[in-house]
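# Descriptive structure summary
Letter by letter, the chains look like this.
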Amino acid sequence: MVLRSFLSKRSCQFGRGLHVGKQFSCPSGEDIVFRAICVNLRHRRWNFLEQVSPSLTNALVSRVVRNFQNSPQLALEFYNWVGEKKGFQHSLASCCALIHVLIKSRRFDDALSQMENLMHVNGLNPLEVLDGLVDSYEFCDSSPAVFDALVRACTQCGATEGAYAVIRKLRMQGHFVTIHAWNNFFSYLLKLNEIGRFWNMYKEMISYRYIENVNTFNLVVYAHCKECKLLEAISTFYRMLKSGIWPNVVTFNMIIDGACRMGEIELALKLVQKTGVMSENSVSPNTVTYNSIINGCCKLGKIAFLEEIRNDMIKARVEPDVRTYAILIDGYAQRGCLEEALRLCNEMVDRGLMPNTVVYNSILHWLYMEGDVGGASLVLSDLIDKHVFPDQFTYSTLIKGLCRNGYVMQAFKFHSQVLGKNVIKDTFSDNILINYLCKTNNLSGAMQLVGSMFIRGLIPDLVTYGALIDGYCKEGKVESAVQIYDKIAKVEKEPNVVIYNSILNGLCKAMSVDVARRMVDSLKNMGLPDAVTYNTLINGYCGCGNIDEAFALFLEMRKAGRLVNTVTYNTLINFLCKFGCIEQAKELMKRMVLEGLIPDFITYTTLITCFAKNCSPDEVIELHDYMVLKGVIPDKQTYQAIVSPLLGEENEETRI
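One structure accompanies this document, and this report is about it. (Residues numbered from 1 in each chain as written. Predicted model: local features only at pLDDT ≥ 70, side-chain atom pairs only at ≥ 80, totals over all residues. Heavy atoms only, no water.)

## Concerning the overall build of the protein
In terms of helices and strands, the protein carries 38 helices and zero strands. The C-alpha radius of gyration computed for the protein amounts to 36 Å, which surpasses the reference 26 Å derived for 656 residues by more than 25%, pointing to a less compact arrangement than a globule. C-alpha extents for the protein along the principal axes are approximately 150 × 65 × 55 Å. Counting every position in the protein, which comprises 656 residues, the buried fraction comes to 45%. Side-chain charges of the protein comprise 68 positive and 67 negative groups, with the mean position of each set lying 11 Å from the other. (Helix = DSSP H or I, 4+ residues; strand = E, 2+ residues; numbered from the N terminus. Rg over C-alpha atoms; globule rule 2.2 N^0.38 Å. Buried < 20%, exposed > 50% of the residue type's maximum accessible area, 1.4 Å probe, protein only. Lys, Arg positive; Asp, Glu negative; His and termini not counted. Charge placed at Lys NZ, Arg CZ, Asp CG, Glu CD.)

## Some details on the side chain of threonine 638
Mapped onto the elements, threonine 638 comes out in helix H37 (residues 636-647). Judged by relative accessible area, which is 7%, threonine 638 ranks as buried. When near neighbours in sequence (up to four residues on either side) are disregarded, threonine 638 contacts Tyr604, Thr605, Ile608, Thr609 and Val643. (Contact = heavy atoms within 4.5 Å.)

## Comments concerning the packing of helix H34 (residues 582-594) against helix H36 (residues 617-629)
Any two packed helices are characterised by the angle at which their axes cross and by the distance between the axes. Following both chains from N to C, one finds H34 and H36 inclined at 15°, their axes separated by 12 Å at the closest point. On the basis of the axis angle, H34 is roughly parallel to H36. As H34 runs across H36, the sense of the crossing is left-handed. Contacts between H34 and H36 involve Lys586, Met589, Lys590 and Val593 from the former and Glu622, Leu623, Tyr626 and Met627 from the latter. (Axes fitted to C-alpha atoms, helices over the stretch in contact; angles between N-to-C directions. Parallel < 35°, antiparallel > 145°, perpendicular 65-115°, else oblique. Left-handed = near helix turned anticlockwise from the far one by under 90°.)

## Here's the deal with helix H30 (residues 513-526)
In this model, H30 (14 residues) spans 20 Å end to end at C-alpha, consistent with the 20 Å of a helix rising 1.5 Å per residue. Among all positions of H30, only Val513, Ala516, Arg517, Met519, Val520 and Leu523 are buried. Each buried residue of H30 lies within a common arc of 160° when the element is viewed along its axis, so the set occupies one face. Away from its buried face by more than 90 degrees, H30 exposes Asp514, Arg518 and Asn525. For H30, the secondary structure elements touched by its buried residues are helix H29 (497-509), helix H31 (531-543) and helix H32 (547-560). Following H30 by one or two positions, glycine 527 has its phi on the positive side, about 70°. (Expected span 1.5 Å × (residues − 1). Arc of directions from axis to C-beta.)

## Digging into the packing of aromatic side chains
Geometry of an aromatic ring pair is reported as the spacing of the ring centres plus the angle between the planes. Counting across every chain of the model gives 20 aromatic pairs. Ring centres 5.4 Å apart and planes at 80° place the aromatic pair phenylalanine 186 and phenylalanine 198 in the edge-to-face group. Here phenylalanine 186, found in helix H11 (residues 179-191), pairs with phenylalanine 198, found in helix H12 (residues 195-207); they are twelve residues apart in sequence, far enough to count as distant. Residue classification places phenylalanine 198 among the buried positions, given a relative accessible area of 0%. When the centroid spacing of 6.1 Å and the interplanar angle of 10° are considered together, the rings of phenylalanine 198 and tyrosine 202 count as stacked. With phenylalanine 198 and tyrosine 202 both in helix H12, this residue pair falls four residues apart, about one helical turn. Since its relative accessible area comes to 9%, tyrosine 202 is described here as buried. Members of the aromatic cluster, each reached through a chain of ring pairs, are Phe176, Trp182, Phe186, Phe198, Trp199, Tyr202, Tyr208 and Tyr210. In this structure, arginine 63 is placed above the aromatic ring of phenylalanine 34, and the distance from its NZ or CZ to the ring centre is 4.1 Å. The lysine or arginine in question, arginine 171, covers the ring of tyrosine 208, its NZ or CZ lying 3.5 Å from the ring centre. (Phe/Tyr/Trp six-rings, centres within 6.5 Å; stacked < 30°, edge-to-face > 60°. Lys NZ or Arg CZ within 6 Å of the ring centre and 35° of its normal.)

## Thoughts on the nonpolar core
Counting residues in hydrophobic clusters, the biggest one holds 127 residues, and the most contacted among them are Ile293, Ile329, Ile434 and Leu607. The residues touching isoleucine 293, leaving out its near neighbours within four places in the chain, are Ile256, Cys260, Ile265, Ala268, Leu269, Val272 and Ile309. Tyr79, Met119, Ala163 and Ile179 belong to the second-largest nonpolar core, a separate cluster that totals 69 residues. (Core = buried A, V, L, I, M, F, W, Y, C linked by side-chain atoms within 4.5 Å.)

## Quick word on the packing of H30 against H31
One way to put it is that H30 packs onto H31 with a least axis distance of 10 Å and a crossing angle of 160°. One element, H30, and the other, H31, form an angle in the roughly antiparallel class. The handedness of the crossing between H30 and H31 comes out as left-handed. Residues Val513, Ala516, Arg517, Val520, Leu523 and Lys524 of H30 form the contact with H31, whose own contacting residues are Thr533, Tyr534, Leu537, Gly540 and Tyr541. The class makeup of the residues in the contact of H30 with H31 is seven nonpolar, two polar and two charged. (Nonpolar A, V, L, I, M, F, W, Y, C, P; charged D, E, K, R; others polar.)

Shown next, in the form of structure tokens:
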């Protein structure tokens with residue numbers, strides 16, 4: 001019995017031993033390497049990892065990355081370290097594993113960077129990247145945020161079609177596309193100013209019964225404001241409230257900015273005052289709000305409002321920022337109040353705000369416009385003393401300002417100094433000098449500067465060639481202008497209508513009107529002519545005394561739609577007056593009014609001068625009264641020289 005009991009216990013222990021043996025089966029070589037990497041990576045023992053690097057595979061890299069989901073920084077460091085190894089190329093699967101880890105840990109910028117590398121560096125299209133993310137989605141226990149990030153990566157790369165293709169394929173495969181992905185796509189379309197496509201995509205999204213969030217509504221408000229549809233934007237605001245979504249400060253800022261851009265300053269100010277009431281005190285105006293109001297006032301020239309708005313900011317305890325001062329300074333300087341602009345510069349420094357290049361560029365521009373070259377030099381010295389780094393616009397402003405005020409040699413000297421520092425990377429500054437040389441009939445100097453651009457590795461652009469063509473045409477050297485045009489074709493620069501108009505103007509001045517007409521016909525086949533094109537040709541016909549062709553082209557323009565403008569009528573009226581067709585000129589002016597075009601001071605001066613020479617004083621006064629009643633603002637010199645003496649001093653104020 002004792003022996004049997006002993007044998008029974010030995011048998012049980014042997015059985016347990018076999019069971020334990022099964023649990024501790026021999027691990028594979030990859031498992032051993034994997035465990036070794038994980039242990040040493042936690043302690044960042046890169047020297048040890050160097051020893052096992054020859055054993056690395058993409059499958060092993062993916063496995064290690066997934067294992068460090070709770071330590072995304074280590075996962076990223078390991079991934080980058082492996083990528084630096086000579087001869088190792090990351091696979092789409094290993095990169096997607098890292099992207100999933102980064103997204104789960106909300107490191108979106110790092111994830112976007114990896115996606116952009118896949119598309120830009122590896123040359124994969126967005127749908128290939130999507131396939132990689134979908135294949136590893138469940139294995140990495142990921143979330144829909146990874147697809148949102150891919151849409152964002154596409155828009156950041158400028159891949160509009162790719163972004164939409166990703167959204168469409170996800171829906172076809174039954175994956176959930178969040179409202180955030182749609183919003184990102186919509187935002188990019190509006191940034192590209194593709195308003196029509198925005199509305200089409202928005203309607204598509206609504207058809208899928210998505211619930212809009214505050215960002216979606218804000219984008220709709222923004223789209224309406226871009227189309228100058230303020231009432232529709234406000235209607236969207238009330239639709240938000242009905243949907244149970246509270247607007248945020250961005251909503252109000254978009255509507256207020258839209259109102260300012262449309263010149264509705266009073267409405268914008270009322271919206272600022274009612275922001276608290278309309279949001280049940282959940283939203284208050286911020287610096288961006290007041291910046292929009294100030295910018296709107298400056299653009300409309302309503303400088304008198306600015307002090308009141310600044311007082312409102314102080315009452316609302318909203319601190320002005322650098323942009324606030326930049327707008328104010330430019331607004332005052334633009335209206336000739338440079339002393340106030342400079343005072344504001346000192347004020348912002350006293351408040352602890354450092355003027356940036358935008359502020360300095362604005363001050364420099366308006367000082368040069370007023371001819372204060374010395375003052376501009378002092379401002380430039382202050383910029384350097386405050387260690388504000390000049391940008392391309394600073395250099396261009398200086399060069400243009402010096403040329404404008406007759407300091408051409410200093411402009412070229414400064415340009416050479418800047419070139420020596422190798423800070424000019426584009427053609428902007430060169431184009432300013434070339435344009436100035438062409439306007440002063442120094443075409444040989446302009447061509448020399450173009451030659452130096454080629455030497456420096458800068459390829460002349462359309463602005464460069466346009467200035468040269470315009471210069472040659474104004475000198476009557478149409479053949480040289482055509483040669484420049486041929487150079488554009490050689491460097492594969494497609495000329496725009498402005499360049500064609502310059503050549504056309506040269507042909508008309510050279511009395512080659514028949515050639516100009518054939519050129520316009522060619523442009524029509526390309527769909528390029530604009531009002532300037534036709535007006536130039538009409539002026540050419542008038543210059544040659546070909547009245548029939550001029551009016552035939554005028555009728556052709558009217559049939560085309562919106563091409564006829566004030567310049568068209570002024571050209572024909574001037575032509576009729578020169579040839580003594582006074583009544584016809586007057587009738588043409590009346591037709592102009594009937595078509596909704598208000599005659600300008602040029603129309604006024606042309607007709608009044610002609611009537612004064614050929615008609616009675618009563619007829620001159622009658623014409624003056626008619627034009628003023630139709631909304632014409634008389635030219636001051638013409639009025640004082642011709643009309644005022646006929647009316648008598650006592651009637652002068654009332655007649656104007």
